[in-house]
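Summary of the model geometry
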There are 2 protein chains.
Amino acid sequence: MPKIVDHEERRRELAEALWRVIAHSGPQAVSIRTVAAEAGLSAGALRHYFQTREELLVFAMDLSEERVVGRMREQSLSMAPEDSMVERTAGFAEHMLPLDPTRSAEFRVWEAAGHLGDLDPRLEERWIRQRGLYRRLVGGLGGLPPLEDPESEHPDPWLETWAAFLHTFVDGLALQMMVNPAQVPPETGRARLRSFLAHVESTRK
Amino acid sequence: MPKIVDHEERRRELAEALWRVIAHSGPQAVSIRTVAAEAGLSAGALRHYFQTREELLVFAMDLSEERVVGRMREQSLSMAPEDSMVERTAGFAEHMLPLDPTRSAEFRVWEAAGHLGDLDPRLEERWIRQRGLYRRLVGGLGGLPPLEDPESEHPDPWLETWAAFLHTFVDGLALQMMVNPAQVPPETGRARLRSFLAHVESTRK
């Protein structure tokens, strides 16, 4: 199946080129022209894969999600058993905070893709997955057994309320860290996250 | 003093033109050229007031803050005495949420100006004023006497913690309402804000 292999290989190369454009110049620099140039292709050849700038941004968003989920999976395999539940939860939530250049680039993609609105065919799906993640984190903090279906509403109103609160809080913290790094440097962001998670945990006891 | 009157009048006209560009096309459309055209001036004449696009965005941010503060002042004069403290506080905090086209445009300006970083000479000042506002809101919810100096750190750790949490929460809520209006429509945003404020109040009792 050489065709399929070629296609996957090419897609991977394009993903890397796209990510280099974003890391160097931000998502506003993403265009058919800039990504084609970075990948060493003609704009026409790139259009074989992506018709519009919006499709490139949706692809960037997909990649960004894959990277976050991949890092979380790695982390869940290597967690220190002596860590408190707040510390473990913070470790997961920190993948959504712009604590280093990789995560800052991911935030900027998320923000750029956020403005696509209905042009992102997976906007609703992404939201549901995010909320599912926060339900899992809050469930862990509350000592609940692992959720069978975290992407659906849970009967426990405590879990629903705090999953929504934590989701909102982490998004706001990420935004503040991006926009006001002097006021919310990484250590402040990390400390505020832990302080909020400790509060969430305390509301269950 | 005809010169000064002219200058103030012209500044007001420019502010209105700038705001029309933002309301119609978003802050990314702001440029010396587009604002000059909207104001019926040449780019050269506009440069008499603003040298760069960044200066225009800083001006937009100043205007946006003035508008928010003006609305809050009006509101404080017309508050219903029978409203609960959560309801009053929500009324103030809602000026920061994109609940209508005016506030959505303000959010977009805030977001665009946020990326100016050090090009905004008043970035730190704005942050301090914002935090001062949240200290006042949380102080009210906690039944504290009016704060003498809300823009400085308060000795009560409860107030400091919850002012930071509420500031983070409202920023996150505004972001989610902008990016995911289908998941966080106005009524959901308003309800989640009240639910969080009621929780803040309950932590003091």
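Residues numbered from 1 in each chain as written. Chains lettered and ligands numbered in written order. Predicted model: local features only at pLDDT ≥ 70, side-chain atom pairs only at ≥ 80, totals over all residues. Heavy atoms only, no water.

The transformation that overlays chain A on chain B combines an axial shift of 0.0 Å with a rotation of 180°, and the residual RMSD is 0.0 Å. Interpreted geometrically, this transformation is the action of a two-fold axis. Using C-alpha coordinates, one finds that chain A approaches the rotation axis most closely at A:Gly172, a distance of 1.7 Å. A symmetric contact is evident, with 100% of the interface residues of chain A recurring at the interface of chain B. (Least-squares fit on C-alpha atoms with pLDDT ≥ 70 in both. Contact = heavy atoms within 4.5 Å.)

So, about the interface of chain A and chain B. By a widespread convention, an interface's size corresponds to the accessible area lost as its parts come together. Facing 29 residues of chain A, the contacting portion of chain B comprises 29 residues. Taking both partners together, chain A and chain B bury about 2,700 Å²; carbon and sulfur atoms supply 67% of that area. Considering only the side of chain A, the residues that lose the most area to chain B are A:Trp127, A:Phe165 and A:Thr168, jointly responsible for 23% of the buried surface there. Taken together, the links from chain A to chain B amount to zero salt bridges. Taken together, the connections running from chain A to chain B amount to nine residue pairs in polar contact (both at pLDDT 80 or more). Contributing elements (two or more residues each) for the side of chain A that touches chain B: α6 (101–114), α7 (123–141), α8 (157–179) and α9 (186–204) of chain A. Partitioned by chemical class, the residues of the side of chain A that touches chain B number twelve nonpolar, twelve polar and five charged. (Buried area = accessible area lost by both parts, 1.4 Å probe. Salt bridge = Lys/Arg side-chain N within 4 Å of Asp/Glu carboxyl O. Polar contact = N/O pair within 3.5 Å; in protein donor to acceptor, adjacent residues only side chain to side chain. Helix = DSSP H or I, 4+ residues; strand = E, 2+ residues; numbered from the N terminus. Nonpolar A, V, L, I, M, F, W, Y, C, P; charged D, E, K, R; others polar.)

In this section: the nonpolar core. In this structure, A:Phe196 and B:Phe196 are the most contacted members of the largest nonpolar core, which totals 74 residues. Those residues in contact with B:Phe196 that sit more than four places away from it in its chain are A:Phe165, A:Phe196, B:Trp162, B:Phe165, B:Leu166 and B:Phe169. B:Leu18, B:Val21, B:Leu46 and B:Leu63 belong to the second largest nonpolar core, which has 25 residues in total. (Core = buried A, V, L, I, M, F, W, Y, C linked by side-chain atoms within 4.5 Å. Buried < 20%, exposed > 50% of the residue type's maximum accessible area, 1.4 Å probe, protein only.)

A word on the environment of A:Glu125. Relative to the elements of secondary structure, A:Glu125 occurs in helix α7. You can call A:Glu125 partly exposed: its relative accessible area is 39%.

Turning next to the pattern of salt bridges. Residue and element names in this part refer to chain B. Tallied over the entire structure, the rule returns 32 salt bridges over all chains. Between Glu106 and Arg67 there is a salt bridge, with its nearest N and O atoms 3.3 Å apart. Of this pair, Glu106 sits in helix α6 (residues 101–114) while Arg67 sits in helix α4 (residues 53–77), and the two are 39 residues apart along the sequence. With a relative accessible area of 5%, Glu106 lands in the buried category. Among the residues examined, Arg67 registers a relative accessible area of 31% and is labelled partly exposed.

For the coordinates displayed, the defined rule picks out 15 aromatic pairs over all chains. Taking the centre distance of 5.0 Å and the plane angle of 85° together, the rings of A:Trp162 and A:Phe165 count as edge-to-face. With a gap of three residues between them, A:Trp162 and A:Phe165 both fall in helix α8, about one helical turn apart. A:Phe165 sits in the buried class, given a relative accessible area of 2%. Ring plane angle 90° and centroid distance 5.5 Å describe the contact between A:Phe165 and B:Phe169, whose orientation is recorded as edge-to-face. One end of the pair, A:Phe165, is in helix α8; the other, B:Phe169, is in helix α8 (residues 157–179), on a second chain. Each of the two residues, A:Phe165 as well as B:Phe169, counts as buried. Here a set of aromatic residues connected by ring pairs shows up, and it is made of A:Trp162, A:Phe165, A:Phe169, A:Phe196, B:Trp162, B:Phe165, B:Phe169 and B:Phe196. (Phe/Tyr/Trp six-rings, centres within 6.5 Å; stacked < 30°, edge-to-face > 60°.)

Moving on to the packing of helix α7 (residues 123–141) of chain B against α8(B). All names here are of chain B. Packing of α7 against α8 brings their axes to within 8 Å, and their N-to-C directions diverge by 115°. Considering the angle they form, α7 stands roughly perpendicular to α8. Between α7 and α8 the crossing geometry is right-handed. Mapping the contact onto sequence places Trp127, Gln130, Arg131, Tyr134, Arg135, Leu137, Val138 and Gly139 in α7 and Trp158, Leu159, Glu160, Trp162, Ala163, Ala164, Leu166, His167 and Val170 in α8. Split into classes, the residues belonging to the contact of α7 with α8 amount to eleven nonpolar, three polar and three charged. (Axes fitted to C-alpha atoms, helices over the stretch in contact; angles between N-to-C directions. Parallel < 35°, antiparallel > 145°, perpendicular 65-115°, else oblique. Left-handed = near helix turned anticlockwise from the far one by under 90°.)

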